[in-house]
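Summary of the model geometry
Letter by letter, the chains look like this.
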Amino acid sequence: MPRRACRLGPKVLLFLAVWLVPYSAGTRGALVPAAAAATPAPVTVTAPAAGAVLQWGKTYRVAWRNPNLGTSVRKTRLSISLDGGLHWQFLATLDRNPGSYSWRVHEVPGVMRRCLLNVALLNWRGETIGRGRTGGFFTIRGVVSRYGIGAVESWYLPGYTWGKAAAGDLDGDGRSEIAVLSSSGSSCNFAHVLRRSSDGKLPFVSTIATFGLLDLKDIAAGDLNGDGRADLAFSSVSTLGGAMLGRLLALYQDPASGAIGATSAQKIYGSDKVGDIVIGDFGGTSGMDVAGLAEPATAGNPGAVAIFLQSSTGPLDYERRYDAVSVDLDGEIHAGDVNADGGADLVVQSGERELSVIPRASSALPPGFGAAEPLTVVPATDPPISSYAVGDLDNDGRADLVVASGSTLRVFIRASGGGFRSPMVIPLGLTPRKVAAIDQDGDLLTDIVVDYSQGIAVLRQTCSHTFLPPIVRLVPCQSVGPIGRGSLFQSDVNGDGIPDIVVSGYNGRLSFIFGTKLP
């Protein structure tokens, strides 16, 4: 299992001067929301219809009936969701409002049964003046392949300690890159992008930004301004203490060059501290928004969730706060459709042994979430939560929970009438530090992957929705200290069309466990 040093690319280091403003009772909320934009006119999507089955590689006619907006429509933007509206991908931008589009369905892994298509009509300022989506889910039949676990590579950059990471097409070349945080001292304030060189073997490392007096807590990738390109979001805490405001930062990809750097930075002042973040459609507008764990606004307050919605003109808007929940600022936040209603719900860690489900409710006041549903997931006699994951483990369209505690996993299946069933308890014999719910082997069943001190373990799901004993792959570690929680996710790192596993942030390492295609 090779362990190699990365090459630092010759790109000029872009320095991002992050100026911090003094905190006072009057400055919090100094970003006053602008006047509310007019509600977009309804658009009726007539094709594909709810229940339609599409085959990848074939061409289908997407059609919609538009309101009488006339020449005020400058562009039509189409986007698609493969997971019931939780995340959206750019599909096409059309001139004016043609009312239809010939779509050659792109390849998807397996069979995607919860697909939605969104149509947005934009005026000359880029504002959404008309919007509509398919009236129900349709299906895309893709390629079903079986995957195994292959070689392991572990990387380090001399002088830096790797932190959390995220994946996305960060330069517009159609391939997935890895963005990773790093530290060269006590604070985590560097951001890098790892790309494969032309031979596909060694990662080429670019330092895209240095964040002055901030300690970065998390990173996430997604289309944050609706232009169809992957951008980066960062949460942070000021290194100068409580007298300064923390913030959310966004780096947007340049549509012409595909570059991400300091020149495209957006700083959103808000909570004193913002911890873990997650990207999803939390506003119900088919745009990608950001939610994060936030420090309480006042002493004795149990904490909050900070919500940054995508504005009608593209970039992220001011911070909104959901205060009706207890929050563990050092915990995790995840998103999933818990109620199978097409809305992106939130699951937050609200204590050492408790999670809270926050359902999205379109009728609720901003930021549009209903009452939290607390759930004790670990008994008082067991170690506290070390990590948890959200994913549909029984293929019923409702997101379930996987909770790691000590050397035990607990699987909570969402019931059709609400709440969760009694947990399935899985003893591991190893102690997870991070857990993920992903389909690792391509059989259309969600598996469980855990990261522990010596490597990863994969628990494959059977057709009866039980889990096989873990398959272990050892991963080399570096002899340096950790910088916060790490990341564990799935991405096609080497561009071979097979999903790989990425592990970062523990003991300073960044490791890839490559997938292999089975006959």
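To start, this report covers the structure provided alongside it. Starting from 1, residues in each chain are numbered consecutively following that chain's sequence as written. Local features in this predicted model are restricted to residues of pLDDT 70 or higher, and side-chain atom pairs are both shown and tallied only at a pLDDT of 80 or more, whereas totals for entire chains, interfaces and linings draw on every residue. Hydrogens and water are ignored here; the side-chain numbers use all heavy atoms of the structure.

1. A closer look at the overall build of the protein chain
- The way it works is that DSSP assigns letters per residue, a run of H or I at least four long becomes a helix, a run of E at least two long becomes a strand, and they are numbered from the N terminus. Broken down by element type, the protein chain carries zero helices and 41 strands.
- Think of it in three bands: with a 1.4 Å probe and only protein chains considered, a residue is buried below 20% of the maximum accessible area for its type, exposed above 50%, and partly exposed in between. Counting the 519 residues in the protein chain, one finds 56% classified as buried.
- Should any heavy atoms of two residues lie within 4.5 Å, those residues are counted as being in contact. If you take every contact in the protein chain between residues at least 6 apart in sequence, the share linking residues at least 24 apart comes to 55%.
- Areas reported here follow the Shrake-Rupley algorithm with a probe of radius 1.4 Å; residue values treat only the protein chains shown as occluding. If you sum the accessible surface of the protein chain, you get close to 20900 Å²; carbon and sulfur atoms cover 54% of it.

2. Some words on the environment of Val274
- Along the polypeptide, Val274 turns up in strand β23 (residues 274-280).
- Sequence separation between Val274 and Asp218 is 56 residues; the distance between their C-alpha atoms is 8.8 Å.
- The contacts of Val274, once residues within four sequence positions are left out, are Lys217, Ser235, Ser236, Val237, Arg247 and Leu293.

3. As for the environment of Gln310
- Tracing the chain through its elements places Gln310 in strand β25 (residues 304-310).
- By relative accessible area, Gln310 is classed as buried at 13%.
- Linking Gln310 and Gly287, residues 23 residues apart in sequence, is a C-alpha distance of 6.2 Å.
- Nitrogen and oxygen atoms within 3.5 Å of one another constitute a polar contact, given that in protein one can donate a hydrogen and the other can accept it, and given that sequence-neighbouring residues count only through two side-chain atoms. A polar side-chain atom of Gln310 sits 3.4 Å from the main-chain carbonyl oxygen of Asp223.
- Among the polar contacts made by the side chain of Gln310, one reaches the main-chain amide nitrogen of Gly226 at a distance of 3.2 Å.

4. Brief notes about the side chain of Ser81
- By secondary structure assignment, the location of Ser81 is in strand β8 (residues 75-81).
- Looking at Ser81, its side chain comes within polar contact range of the main-chain nitrogen of Gly85, at 2.8 Å.
- Contact partners of Ser81, with chain neighbours within four places excluded, come to Leu86, His87, Trp88, Arg114, Cys115 and Leu116.

5. What to know about the packing of aromatic side chains
- Note on ring pairs: Phe, Tyr and Trp rings are taken, using the six-membered ring of Trp, and paired if centres are within 6.5 Å. Classes follow the plane angle, with under 30 degrees stacked, over 60 edge-to-face and the rest tilted. Applying the stated criterion across every chain, the model contains three aromatic pairs.
- Each ring, one from Phe282 and one from Phe369, has its centre 6.3 Å from the other, and the planes form 50 degrees; the classification is tilted. Taken together, the residues Phe282 in the loop between β23 and β24 (289-294) and Phe369 in the loop between β29 (354-358) and β30 (373-376) connect sequence positions 87 residues apart. Assigned by exposure class, Phe282 and Phe369 land together as buried.
- With a centroid separation of 6.1 Å and 55 degrees between ring planes, the pair formed by Phe512 and Phe514 is classed as tilted. The pair Phe512 / Phe514 is uniform in exposure class, with both members buried.
- Each member of the aromatic cluster is reached from another via a ring pair, and the members are Phe282, Tyr322 and Phe369.
- A cation sits over an aromatic face here: Arg414 above Phe420, 4.9 Å from the ring centre. In our convention, an over-ring charge means Lys NZ or Arg CZ found within 6 Å of a ring centre and within 35 degrees of that ring's normal.

6. Remarks on the sheet that holds strand β36 (residues 447-452)
- For two strands to be treated as a pair, DSSP must find no fewer than two bridges joining them. If you walk across this open sheet you meet the four strands as β35-β36-β37-β38, and the pairing is antiparallel. Each edge of the open sheet is held by one strand with a lone partner, namely β35 (434-438) and β38 (471-474). Each adjacent strand pair in this sheet contributes to an overall mean axis angle of 20 degrees, direction not counted.
- Sheet topology note: the β36/strand β37 (residues 455-459) ladder contains five bridges and is antiparallel. Paired with Ile448 across the strands is Leu459, a residue of β37. Axes here mean lines fitted to C-alpha atoms, for a helix over just the part in contact, with angles spanning 0 to 180 degrees between N-to-C directions.

7. Digging into the side chain of Asn189
- Residue position: Asn189 is located in strand β17 (residues 188-196).
- By relative accessible area, which is 14% here, Asn189 ends up buried.
- The residues touching Asn189, leaving out its near neighbours within four places in the chain, are Ser182, Ala209, Thr210, Phe211, Gly212, Leu214 and Leu216.

8. Here we look at the pairing of β24
- β24 sits mainly inside the fold: six of its six residues count as buried.
- Residues of β24 alternate between two faces, with Asp289, Ala291 and Leu293 on one and Val290, Gly292 and Ala294 on the opposite face, all of them buried.
- As paired strands, β23 and β24 are joined by five bridges and run antiparallel to one another. Residue pairing across strands places Gly280 opposite Asp289, the latter belonging to β24.

9. A short note on the pairing of strand β27 (residues 333-336)
- Of the two faces of β27, the one carrying Ile333 and Ala335 and the one carrying His334 and Gly336 are both buried.
- Bridge analysis of β27 against strand β28 (residues 345-349) gives four bridges, and the strand direction is antiparallel. Paired with Ile333 across the two strands is Val348, which belongs to β28.

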